[in-house]
Amino acid sequence: MRALVVDDSRAIRSIIGKTVKELGFELLEAGNGKEALERLEAAGTVELVLVDWNMPEMNGFDFLVAARQNPAWKDTVIMMVTTETEMAQMQRALDAGANEYVMKPFTKDVLHEKLQLVGLAA
Amino acid sequence: MIGQAEFDFLRALIRERSAIVLEPGKEYLVESRLLPILRGGGFASPVELVARLRREPRGELERRVVEAMTTNETSFFRDHHPFEALRTRFLPDLIAARRPERRLRFWSNACSTGQEAYSLAMLLTEHFPELGAWDVSIFASDLSREMVARTTAGSYGQLEVNRGLPAAFLVKYFERHGTSWQVKAPLRKLVTARELNLVEAWPALPAFDVIFLRNVLIYFDLETKRAILRRARQALRPDGLLLLGSAETTIMVDDGWERLPAGVSVAYRAAAAVRRAGAA
Ligand SMILES: C[S@@+](CC[C@H](N)C(=O)[O-])C[C@H]1O[C@@H](n2cnc3c(N)ncnc32)[C@H](O)[C@@H]1O
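Residues numbered from 1 in each chain as written. Chains lettered and ligands numbered in written order. Predicted model: local features only at pLDDT ≥ 70, side-chain atom pairs only at ≥ 80, totals over all residues. Heavy atoms only, no water.

### Digging into the sheet that holds strand 3 (residues 155-156) of chain B
Residues and elements named next belong to chain B.
Part 1 of the argument: Spatial ordering of the open sheet is given by 3-5-4, a layout of three strands whose pairing is antiparallel. Strands at the two margins of the open sheet, each flanked by one partner only, are strand 3 and strand 4 (174-177).
Part 2 of the argument: Relative to strand 5 (residues 180-183), strand 4 runs antiparallel, the two being bridged by four bridges. Residue pairing in the sheet places Glu 175 in a bridge with Gln 182 of strand 5. (Pairing = 2+ DSSP bridges. Helix = DSSP H or I, 4+ residues; strand = E, 2+ residues; numbered from the N terminus.)

### Thoughts on the domain arrangement of chain B
All names here are of chain B.
Part 1 of the argument: What the domain assignment lists for chain B is domain 1 (4-68) and domain 2 (81-279).
Part 2 of the argument: Every contact between the two is made by eleven residues of domain 1 and, on the other side, eleven residues of domain 2.
Part 3 of the argument: Roughly 840 Å² is buried in total at the junction of domain 1 and domain 2, and carbon and sulfur atoms are behind 49% of that figure.
Part 4 of the argument: In terms of surface lost to domain 2, no three residues of domain 1 exceed Ala 19, Arg 63 and Glu 67, which account for 46% of the buried area on that side. (Domains from an automatic or database assignment. Contact = heavy atoms within 4.5 Å. Buried area = accessible area lost by both parts, 1.4 Å probe.)

### A look at the packing of aromatic side chains
Part 1 of the argument: In the structure shown here, the tally under the stated rule is twelve aromatic pairs over all chains.
Part 2 of the argument: For the pair Phe76(B) and Tyr156(B), a centre-to-centre distance of 5.2 Å together with 75° between the ring planes defines the contact as edge-to-face. Residue Phe76(B) is found in the loop between helix 4 (60-68) and helix 5 (81-98), and its partner Tyr156(B) is found in strand 3; the two are separated by 80 residues along the sequence.
Part 3 of the argument: Residue Phe76(B) is classed as buried on the basis of its relative accessible area, which comes to 0%.
Part 4 of the argument: Ring centres of Phe169(B) and Tyr173(B) lie 5.5 Å apart, and the angle between their planes is 80°; on these two criteria the pair is classed as edge-to-face. Of this pair, Phe169(B) and Tyr173(B) both sit in helix 9 (residues 167-173), four residues apart, which is roughly one turn of the helix. For the pair Phe169(B) and Tyr173(B), one class covers both residues: buried.
Part 5 of the argument: An aromatic cluster is defined as three or more aromatic residues linked by ring pairs; in this entry it consists of Phe77(B), Phe83(B), Phe169(B), Tyr173(B) and Phe212(B).
Part 6 of the argument: For Arg92(A), the ring lying beneath its charged end belongs to Phe61(A), and the centroid distance is 3.9 Å.
Part 7 of the argument: Residue placement shows Lys114(A) over the ring face of Tyr101(A); its charged tip is 3.9 Å from the ring centre. (Phe/Tyr/Trp six-rings, centres within 6.5 Å; stacked < 30°, edge-to-face > 60°. Buried < 20%, exposed > 50% of the residue type's maximum accessible area, 1.4 Å probe, protein only. Lys NZ or Arg CZ within 6 Å of the ring centre and 35° of its normal.)

### Description of the nonpolar core
In summary, soluble globular proteins display a tendency toward joint burial of nonpolar side chains.
Part 1 of the argument: Residues Phe63(A) and Phe174(B) are the most contacted members of the largest nonpolar core, which totals 77 residues.
Part 2 of the argument: Not counting chain neighbours up to four residues away, the residues in contact with Phe174(B) comprise Phe76(B), Met122(B), Tyr156(B), Leu165(B), Phe169(B), Trp181(B), Gln182(B), Val183(B) and Lys184(B).
Part 3 of the argument: Leu38(B), Phe43(B), Leu229(B) and Ala235(B) belong to the second-largest nonpolar core, a separate cluster that totals 43 residues. (Core = buried A, V, L, I, M, F, W, Y, C linked by side-chain atoms within 4.5 Å.)

### So, the sheet that holds strand 5 (residues 100-103) of chain A
Residues and elements named next belong to chain A.
Part 1 of the argument: Spatial ordering of the open sheet is given by 2-1-3-4-5, a layout of five strands whose pairing is parallel. Edge positions in the open sheet fall to strand 2 (26-30) and strand 5, since each of these has one partner strand only. Across the sheet, the mean angle from the axis of one strand to that of its neighbour is 20°, orientation sign disregarded.
Part 2 of the argument: Note: strand 4 (residues 77-82) against strand 5, four bridges, orientation parallel. Each bridged residue has a counterpart across the sheet, and for Thr 82 the counterpart in strand 5 is Met 103. (Axes fitted to C-alpha atoms, helices over the stretch in contact; angles between N-to-C directions.)

### What about unusual backbone geometry?
Part 1 of the argument: Following Lys104(A), the chain continues into Pro105(A) via a peptide bond in cis, with omega recorded as 0°.
Part 2 of the argument: Relative to the elements of secondary structure, Pro105(A) occurs in the loop between strand 5 and helix 5 (108-117).
Part 3 of the argument: In this structure, Ala110(B) is a non-glycine residue whose phi angle is positive, near 50°.
Part 4 of the argument: For Ala110(B), the location among the structural elements is in the loop between strand 1 (103-108) and helix 6 (115-127).
Part 5 of the argument: A residue is classified by how much of its surface remains accessible, and Ala110(B), at 22% relative accessible area, is partly exposed.
Part 6 of the argument: Despite not being glycine, Asn215(B) shows a phi value in the positive range, around 60°.
Part 7 of the argument: As for its position among the elements, Asn215(B) is in the loop between strand 7 (208-213) and helix 11 (222-235).

Now the structure itself:
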């Protein structure tokens, strides 16, 4: 299974990337929403996208809306990586087609629980 | 560092009051959990604290010390699978069996901060709308007064709602107050929380359809586990279900149960022979 981690901070990408790999995913990375769309386009099947909310160029929400317009990715699980303040916008993200959220910072156990909720972990 | 005499006194006290077994070697644990009480109460050392506990058995300080020794780790939909098994397998059967009386009684034991009770409340509301017209109640209990108060409040911090709770449930069943999230009133109404010590006398309780007894027997010795399982059986309807934590089992503890496996989860029901004896 493949996971795309989208965040403009390379440090955060590497922390989240490590957790994702520990949970058995092959890791892809992108620095903003636009890059993420390109990666998805090039990659073929990606099971999971973990996308930060606040990013330059294209933010996580705009990425979500754009990605959900492409039927090829309808089964891709999109999980919003949020901060406390962004939680207020959760309903908007769900309406736009997000599958789940995870608040950062998070541990491997927390991500595992989230993956269980969306059927990507036993 | 806590002395041997103080550790032994506390260990015996905790065991007597809560049945929680603290093995030698857990000095560090006892010490770190006592720290807030030592500081808050102005005790210079564990020696002073223990002296006061000896003078005031069954007092307020003793209660706080015992409560401080409990582990309150929990999460929404803990372990995921038991709740899936309830939703897909056990509840549909149980609801069919109760349709004539339209009543269901649940008990979330050792409920800690209440996530288990509210997970159940959400699951019932979301997936079994028919129950809206039934008499459904969830009794939640814990030894700790503080945990009972937290369960009643049904209010959770960001870290707590980040664990195991689907986003859709968070926005649907919770209200945001600043940085905390409170379970909405209709769900809170389903849950009644009370202090109840599993090793003391239980109050008169209605017969339950499902008892959650999860992640608490692990703290007790074999005899205590056995006694509690036996009482849990008596507190259940004859066809009622018992759910244990993932590291707990009735096997080799109390053989009055039959196992009902469902996927990777197991529920327990009073064994047929025991049910017949009860009916006779
Ligand atoms: C680890 S929590 C379990 C919470 C929840 N049932 C779950 O599985 O997530 C254990 C709880 O057991 C409670 N407890 C410990 N000894 C008890 C006793 N003798 N009677 C009732 N509750 C007890 C503690 O206060 C604590 O909240």
